[in-house]
Amino acid sequence: MRNAAAYFVIIVVAITLSFLWQQYTFGTEKYERIIDSDGKGYVAYLPAIFIYHDLSFSFYNLPENASIARYFNDRFLTPAGHKTVLKTYCGVAIMLMPFYLLGCLMQIMIWGHTNGFEPLIQYCMSARAIVYTATGAMMVLKLLLRIGFKIRVAALTAFTLLAGTNLFYYALFHPTMSHPYSFFLIAAFLLLSERIILANQYRLMPVAAFVLGLIVLVRPLNVIVILFPLLMAGSTIQYIINQLKTT
């Protein structure tokens, strides 16, 4: 229990420092850089559904919405019959939705209106990416501990995933890209797979299926993660067969 509390304090401090450092380094461009690159396509679902009720995304081109035009790019749109659809997948929007709606609610409560892109809302989305990444790292740590690795090895591995890859960069400086959310979901799916297959906690299967669905919605090619539980199940089945042979 004491170790869990210590880990919780460490992760809260790390998230807070990361968020403050991100906002400091963004400088005067912070509102342009949070929703940037492919993130413009991923986030577009949220204001279209909850603020403007317009899935044709034409509201970005209205004169009265000139202030938010920089948060979208028409390259993400493609014609489909008589309609125009967004080419990006909706998984990132689903993952961001709770904090996005929280930001919108706070914006309306404080200022009485929202265009869906105010700094407060962007802060919420930005913080969410850091939280997802840090939580994913803790899940990796827990998974390694559950399968028998020592605490130092597990902690070093989780830290290396953050510091030795582009994950930390994307979580901090491109929080609306798909990478932090893929990492969190895959880490969750691996941990759930271990608990289902090795710990026989079959009640978690619907949760694992739901997480797998989100993984596909964020980035379809990540469905390859399904090989992990299949390989784990294969080794478990082989172990059972060997045990039966010896009896």
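Residues numbered from 1 in each chain as written. Predicted model: local features only at pLDDT ≥ 70, side-chain atom pairs only at ≥ 80, totals over all residues. Heavy atoms only, no water.

Trainee: Honestly, the packing of helix α5 (residues 91–111) against helix α9 (residues 179–197) in this entry has me stumped. Any pointers?
Mentor: Relative placement of two packed helices is described by the angle separating their axes and the distance separating the axes. Close contact between α5 and α9 brings their axes to 10 Å; oriented N to C, the two are set at 85 degrees. Classified by the angle their axes make, α5 and α9 are roughly perpendicular. Contacts from Val92, Met95 and Leu96 of α5 reach α9 at Tyr181, Phe184 and Leu185. Among the residues forming the contact of α5 with α9, the class breakdown is six nonpolar, no polar and no charged. (Axes fitted to C-alpha atoms, helices over the stretch in contact; angles between N-to-C directions. Helix = DSSP H or I, 4+ residues; strand = E, 2+ residues; numbered from the N terminus. Parallel < 35°, antiparallel > 145°, perpendicular 65-115°, else oblique. Contact = heavy atoms within 4.5 Å. Nonpolar A, V, L, I, M, F, W, Y, C, P; charged D, E, K, R; others polar.)

Trainee: I tried to follow the pairing of strand β1 (residues 77–80) on my own but got confused; where do I start?
Mentor: Every regular strand shows the same layout, with side chains that alternate between the two sheet faces. Relative to strand β2 (residues 83–86), β1 is paired through four bridges, and the arrangement is antiparallel. Bridging across to β2, proline 79 finds its partner in threonine 84. Counted between consecutive antiparallel strands, the loop separating β1 from β2 contains two residues, among which glycine 81 sits at a positive phi close to 70 degrees. (Pairing = 2+ DSSP bridges.)

Trainee: Looking at this model, I keep getting lost on helix α6 (residues 119–146). Mind explaining?
Mentor: Note: α-helices contain 3.6 residues per turn, so residues at a spacing of three or four share the same orientation. Compared with an ideal rise of 1.5 Å per residue, which puts 28 residues at 40 Å, α6 spans 41 Å between its outermost C-alpha atoms and is within 8% of the ideal. Buried residues dominate α6, accounting for 20 of its 28 residues. Trailing α6 by a residue or two, glycine 148 shows a phi angle of about 110 degrees, which is positive. (Expected span 1.5 Å × (residues − 1). Buried < 20%, exposed > 50% of the residue type's maximum accessible area, 1.4 Å probe, protein only.)

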